[in-house]
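Remarks on the overall topology
Here is how the chains run, residue by residue.
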Amino acid sequence: MSKINHIADESGDKYKYGFVTDIEADTAPKGLNEDIIRLISAKKGEPEWLLDFRLKAFEFWQTMHEPSWAKLTYDKIDYQDLYYYSAPRRKAAPKSLDEVDPELLETYEKLGIPLKEQEVLAGVVAVDAVFDSVSVATTYRAKLAEQGVIFCSISEAVREHPELVQKYLGSVVPYTDNFFACLNSAVFTDGSFVYIPKGVRCPMELSTYFRINAKNTGQFERTLIIADDESYVSYLEGCTAPQRDENQLHAAIVEIVVLKNAEVKYSTVQNWYPGDKDGKGGVYNFVTKRAACRGENAKVSWTQVETGSAVTWKYPSCVLQGDNSVGEFYSVAITNNRQQADTGTKMIHIGKNTSSKIISKGISAGFSNQTYRGLVRVAPGAANARNYSQCDSLLIGNNCGSHTVPYIENRNRTAVLEHEATTSKISDEQLFYCQQRGIGEEEAVSLIVNGFCKEVMQHLPMEFAIEAAKLINISLEGSVG
Amino acid sequence: MSALLQNISLIGDEIPWLGKLRQKGREAFAAAGIPGAKTEAWKYLKPRELDADDYVFSVSATPKSVDALPFDSYRLRFENGRFCPEGSNLPLQAEVVPLVETFMDKEGRAPFYAEQTDWIEKYPFAALNMACLNEGIFIRIPGGCRLDKPILLDCHICCGGENLFSALHNVVVLEGGAEAEFVEYYHYTGEVKSRYFNNIVNQIFIAENAVLHHIKVQDEAFKAAHIAFSPVCVGAGGRYESFCLQLGADIARNETKVMLNRAGAECEVNAAYKVDGWARADTTTDIEHLAPCTISRQLVKGVIGGQSKGIFQGKIHIAKDCIQTEGSQLHKALLLSDGAEVDVKPELEIFADDVKCSHGAAAGELDQEQLFYMRSRGIGQEEARQILIEAYLDEVISKVGNEQIRAWIKLLLHGE
């Protein structure tokens, strides 16, 4: 049972997650200043070192400028006009799902994440659900604990495993990294924490579900995954937001630490509200995702299906420090109507014999614009580094744009790097072939698009893949003819 | 660098169009300054260090001797950035004159072309060149004329003790159906004790069905800076073919911006570079498909040794509704040593759906098996490497159509 089980339900409304949950929320005053940060920290009962980390980040953030290099145009964000903390009100932390507000559970039910059922049904996925700023429920804790796997909200991890959090938080994405990461470091409210101990193969797929509900709220979650020596985990992430006329801000960080011989597979289906067909509303999605392969033979693989958000700014990266480490990036990005996406990856080769692979498929339709922006960097010491990149773009209609900007920086002569990119439209011959066999135009297009994305889709976990394929069809609805 | 424009005194400031252009250049350069690592278009070359040195214009232009023509051609000789009638021979069937001669010509067409500088704000070095607009040539090939021999722009530097600055500005106009070969050759003699800076702009206009073959060899001294920018406009059915070989200089950039303005316009922009020591060689292209049914092709190959750095930035832009266009681009680099570096940024920017566009980039070292094959047949290590490197670059050099020029390029590459 996947959490996006119903995402691609063929209902009449294209974006079926546009509803708002009417739930009492605890909200901090609008605006961003030191007091708000102290308030967030106090509300969460954080230790001194974390407050320090936040304040240092905030101080640094004030000296930074919002980046403008991406091929994105959006209205200026007023960072003082946002709520930085909003939590569903509750009396005490729930010990089990029975204590979680029924309204909340219903919301997740609507989203296709039957948290409650999962406790009963034999499932394969453990879920951590984050509502606005806080984690509301994490399932399957006990079963995971048997193996020593820690899967909880990051606030909980700060309380219960401070030594792990303190050691790794900000070690992959330091707060000085970029404007949005710095903002997140100052105000992050919740997120997931995963620790897989030495030698453990996580028995089930872990999953986080993010939901922005409250109005004018920024969502700033932070995920930290640590895969200790010889371990393995597959992690899934999904997101939705209500349909609102004003834009919502989402600035998240995902940090992954992969140690010797460990492997992490991170899959995302991003379906934030994309705005209506004229580009009104929608989520601004500014995300910093990075994995550090610290040990030998470490492996990390990013798979993403990006269909939502009005504006996407996202570059999941791999820092290949350990010798023989491997980084992979598989991406399908679909933009329609007035959506804009500037997305890609960075592969930083530092260790010897490191290899990376990038497969990116972009589909632009309607009036949308999409950019693949990637970096492959080989450090002087990265002997025998190997990279293969392939970026294909498909344009549907004459009003959209598709751009490719790969950066390749090689400082080692033994490295072998290859990059290929193509841009084309769906060929009339392919369409004709399908239509001749009685397949309607729209159906034919989705068939061809799904074929175009196949190389990426096959890297998604099974139940994710089926739903993602349906999601692609929905995203492209109305783009033909 | 900043003192350069203050001390400059050029004739002709009172001529309205000329004064205005120079003024425009001064303003654009003052606004932009010399770009550093933070400017996206210059992030790899980082030319800001040029700012540290002071440069002077050369006054005299008396060559001690003029070397023989490298191949059969017309020639315009420039010595230390000044036109030099000795050693120059000009074709009669076309208008080929030093730029200064066009300043006073009220009937002439030069101002009409030179004033087309919409791009000036984005190109700080071209703005600097415009501020110093004085030296260079004006070539106008009349409609239907096919020039029998290539025009060679022979730019020779013989440096003294001072840092020399030279700003050449060439305007090349091919009227309907004309065809010509234009060769630029930058070289030096003697021991270059000081730095020199060659700043070049070539404004090229190719009318309908005209064809220009543009070849450039940059073989500057190891201390030199060489920054060139060629904006090229191509009309309906016109064709621009270029090849640039970069061998020398400390900081070098050859930038080509091709605007395929009308249906059926085509271009082929090829380049090769072979750098060593601490050199940085940059090849930047920006191909704009502004009309349907236009075609562009690019092949760039580089060989990088020592602590040097090869840079390639290539952009293909396809404007809205420019359907049935084709753009292809390929960059390959060979790294010979441990300190060598290659930075590549190919870019596709596409706003039309019925297009075929691709780019590719590859980097690696010399194939050990090929080396072994040659060595096992009694060819020494160094010689084998040399053969392989020349063969590697031959793929792109062989695209030069003129046999004599091709042979000359191969000789230069071989280091003779």
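Quick notes on the rules
Residues numbered from 1 in each chain as written. Chains lettered and ligands numbered in written order. Predicted model: local features only at pLDDT ≥ 70, side-chain atom pairs only at ≥ 80, totals over all residues. Heavy atoms only, no water. Helix = DSSP H or I, 4+ residues; strand = E, 2+ residues; numbered from the N terminus. Rg over C-alpha atoms; globule rule 2.2 N^0.38 Å. Buried < 20%, exposed > 50% of the residue type's maximum accessible area, 1.4 Å probe, protein only. Areas by Shrake-Rupley, 256 points an atom, 1.4 Å probe, with all protein chains shown as cover. Lys, Arg positive; Asp, Glu negative; His and termini not counted. Charge placed at Lys NZ, Arg CZ, Asp CG, Glu CD. Contact = heavy atoms within 4.5 Å. Axes fitted to C-alpha atoms, helices over the stretch in contact; angles between N-to-C directions. Left-handed = near helix turned anticlockwise from the far one by under 90°. Nonpolar A, V, L, I, M, F, W, Y, C, P; charged D, E, K, R; others polar. Buried area = accessible area lost by both parts, 1.4 Å probe. Salt bridge = Lys/Arg side-chain N within 4 Å of Asp/Glu carboxyl O. Pairing = 2+ DSSP bridges. Phe/Tyr/Trp six-rings, centres within 6.5 Å; stacked < 30°, edge-to-face > 60°. Polar contact = N/O pair within 3.5 Å; in protein donor to acceptor, adjacent residues only side chain to side chain. pLDDT = per-residue confidence, 0-100. Parallel < 35°, antiparallel > 145°, perpendicular 65-115°, else oblique.

Helix and strand content of chain B: eight helices and 20 strands. Its C-alpha radius of gyration of 21 Å places chain B within 12% of the 22 Å reference for a compact globule of 416 residues. Projected onto its principal axes, the C-alpha coordinates of chain B cover approximately 70 × 55 × 45 Å. Buried positions account for 61% of the 416 residues belonging to chain B. A total of about 15,900 Å² of accessible surface is found on chain B, and carbon and sulfur atoms cover 50% of it. Side-chain charges of chain B comprise 42 positive and 59 negative groups, with the mean position of each set lying 2 Å from the other.

On to the overall build of chain A. What chain A contains, in helices and strands, is 11 helices and 23 strands. A burial count over chain A gives 63% of its 481 residues as buried. Here the contacts in chain A between residues at least 6 apart in sequence split such that 83% fall between residues at least 24 apart. Total accessible area on chain A is roughly 17,600 Å²; 48% of this is exposed by carbon and sulfur atoms.

For the rest of this paragraph, the subject is the packing of helix α2 (residues 48-61) of chain A against helix α8 (residues 179-187) of chain A. Residue and element names in this part refer to chain A. As a packed pair, α2 and α8 sit with axes 7 Å apart at the nearest point and diverge in direction by 145 degrees. By crossing handedness, the relation of α2 to α8 is classed as left-handed. Contact with α2, carried on its side by Phe53, Arg54, Ala57, Phe58, Phe60 and Trp61, involves Phe179, Cys182, Leu183, Ser185, Ala186 and Val187 of α8 and no other residues of that element. Looking at the contact of α2 with α8 residue by residue, the classes come out as 10 nonpolar, one polar and one charged.

Moving on to the interface of chain B and chain A. In this complex, chain B contributes 36 residues to the contact, which on the side of chain A involves 32 residues. With both sides pooled, the region where chain B packs onto chain A buries about 2,700 Å², and carbon together with sulfur makes up 45% of that total. Our count for the contact surface shared by chain B and chain A stands at five salt bridges. Note that Asp338(B) is salt-bridged to Arg413(A), the shortest N-O span being 2.9 Å. Residue assignment for the side of chain B that touches chain A shows that the elements contributing at least two residues are β19 (341-350) and β20 (355-364) of chain B. Grouping the amino acids of the side of chain B that touches chain A by side-chain chemistry returns 17 nonpolar, five polar and 14 charged. One ladder, built from six bridges, connects strand β22 (residues 401-410) of chain A with β19(B); its direction is antiparallel.

On to the packing of aromatic side chains, then. Where two aromatic rings form a pair, the distance of their centres and the angle of their planes describe that pair. Inspection of the entire model under this criterion finds 34 aromatic pairs over all chains. When the ring of Trp119(B) is compared with that of Phe229(B), the centres are 5.1 Å apart and the planes differ by 70 degrees; the resulting orientation is edge-to-face. A residue pair is termed long-range when its members are at least 10 positions apart, and Trp119(B) in the loop between α4 (110-114) and α5 (124-131) and Phe229(B) in strand β11 (residues 225-234) qualify at 110 residues. Aromatic ring contacts, followed pair by pair, group Phe58(A), Trp61(A), Trp69(A), Tyr74(A), Tyr79(A), Phe179(A), Phe180(A), Tyr284(A), Phe286(A), Trp313(A) and Tyr315(A) into a single cluster.

In this section: the side chain of Glu135(B). Residues and elements named next belong to chain B. Relative to the helices and strands, Glu135 resides in the loop between α5 and β5 (137-141). At 3.3 Å, the side chain of Glu135 and the backbone nitrogen of Phe83 are in polar contact. Here Glu135 is in contact with Phe78, Gly81, Arg82, Phe83, Leu99, Ala167, Leu168 and His169, once residues within four sequence places are set aside.

In this section: the pattern of salt bridges. Inspection of the entire model under this criterion finds 51 salt bridges over all chains. As a salt-bridge pair, Glu409(A) and Arg377(A) come within 2.9 Å of each other at their nearest N and O atoms. With Glu409(A) in strand β22 and Arg377(A) in strand β20 (residues 369-378), the pair connects residues that are 32 residues apart, well separated along the chain. For Arg377(A), a relative accessible area of 36% gives the class partly exposed. With its nearest N and O atoms 2.8 Å apart, the salt bridge here joins Glu40(B) to Lys345(B). In this pair, Glu40(B) sits in the loop between α2 (16-32) and β1 (56-57) while Lys345(B) sits in strand β19, placing the two residues 305 residues apart along the sequence.

All right, on to the pairing of strand β9 (residues 196-206) of chain B then. Residues and elements named next belong to chain B. With 11 of 11 residues buried, β9 is to be regarded as a mostly interior element. In terms of strand pairing, strand β7 (residues 164-174) meets β9 through 11 bridges, oriented parallel. Bridged to Val172 within β9 is Ile204. Here eight bridges tie β9 to β11, and the two strands are oriented parallel to one another.

Further remarks concern the side chain of Thr371(A). Residue and element names in this part refer to chain A. Within the element layout of this structure, Thr371 appears in strand β20. For Thr371, a relative accessible area of 2% corresponds to the buried category. Aside from chain neighbours lying at most four places away, what touches Thr371 is Lys71, Ala341, Asp342, Thr343, His403 and Val405.

Attention now goes to the confidence of the model for chain B. For chain B, per-residue confidence averages 91 on the pLDDT scale, and 97% of positions sit at 70 or higher. Model confidence for the complex: the whole-complex pTM is 0.88, and ipTM, which rates the interface, is 0.87.

It is worth spelling out α8(A) at this point. Residue and element names in this part refer to chain A. With respect to burial, α8 is a largely interior element, nine of its nine residues being buried. Residues of α8 that are buried: Phe179, Phe180, Ala181, Cys182, Leu183, Asn184, Ser185, Ala186 and Val187. Where α8 is buried, its residues contact α1 (34-43), α2, β8 (222-227), β10 (247-258), β12 (282-293) and β14 (311-314). The opening residue of α8, the one whose side-chain oxygen lies 2.9 Å from the backbone nitrogen of Phe180, is Asn178.

All names here are of chain A. Of all five residues in strand β6 (residues 192-196), five are buried; the element is thus mostly enclosed. Where strand β5 (residues 150-153) meets β6, four bridges bridge the pair, whose relative direction is antiparallel. When the sheet's bridge partners are listed, Ser153 is paired in β6 with Ser192. Here β6 runs beside β8; their pairing, made up of four bridges, is parallel. When the sheet's bridge partners are listed, Ile196 is paired in β8 with Ala227.

Our next topic: the environment of Ser301(A). Residues and elements named next belong to chain A. Within the element layout of this structure, Ser301 appears in strand β13 (residues 299-306). A sequence separation of 137 residues divides Ser301 from Leu164, and the C-alpha atoms of the two residues are 23 Å apart. With residues up to four places along the chain from it excluded, the contact list for Ser301 reads Val264, Lys265, Tyr266, Glu328 and Tyr330.

Residues and elements named next belong to chain B. Running from amino to carboxyl end, helix α7 (residues 381-397) crosses helix α8 (residues 403-414) at an angle of 150 degrees, the nearest separation of the two axes being 11 Å. The pairing of α7 with α8 is recorded here as roughly antiparallel in orientation. Here α7 and α8 pass one another in a crossing that is right-handed. Within the contact between the two elements, α7 uses Gln386, Glu390, Leu393, Asp394 and Ile397 and α8 uses Arg406, Ile409, Lys410, Leu413 and His414. Residue composition of the contact of α7 with α8, by class: four nonpolar, two polar and four charged.

Turning our attention to the confidence of the model for chain A. Residues and elements named next belong to chain A. On average, residues of chain A score 84 in pLDDT, and 81% of them reach the 70 mark or higher. The least confident element of chain A is helix α4 (residues 115-120), whose mean pLDDT is 48; the most confident is strand β18 (residues 346-349), at 97. A low-confidence stretch, residues 1-13 stays under pLDDT 50, and its non-local contacts, those more than four residues away or across chains, total 38 contacts. Note on residues 117-124: pLDDT is under 50 here. Beyond four places in sequence and across chains, it has 14 contacts.

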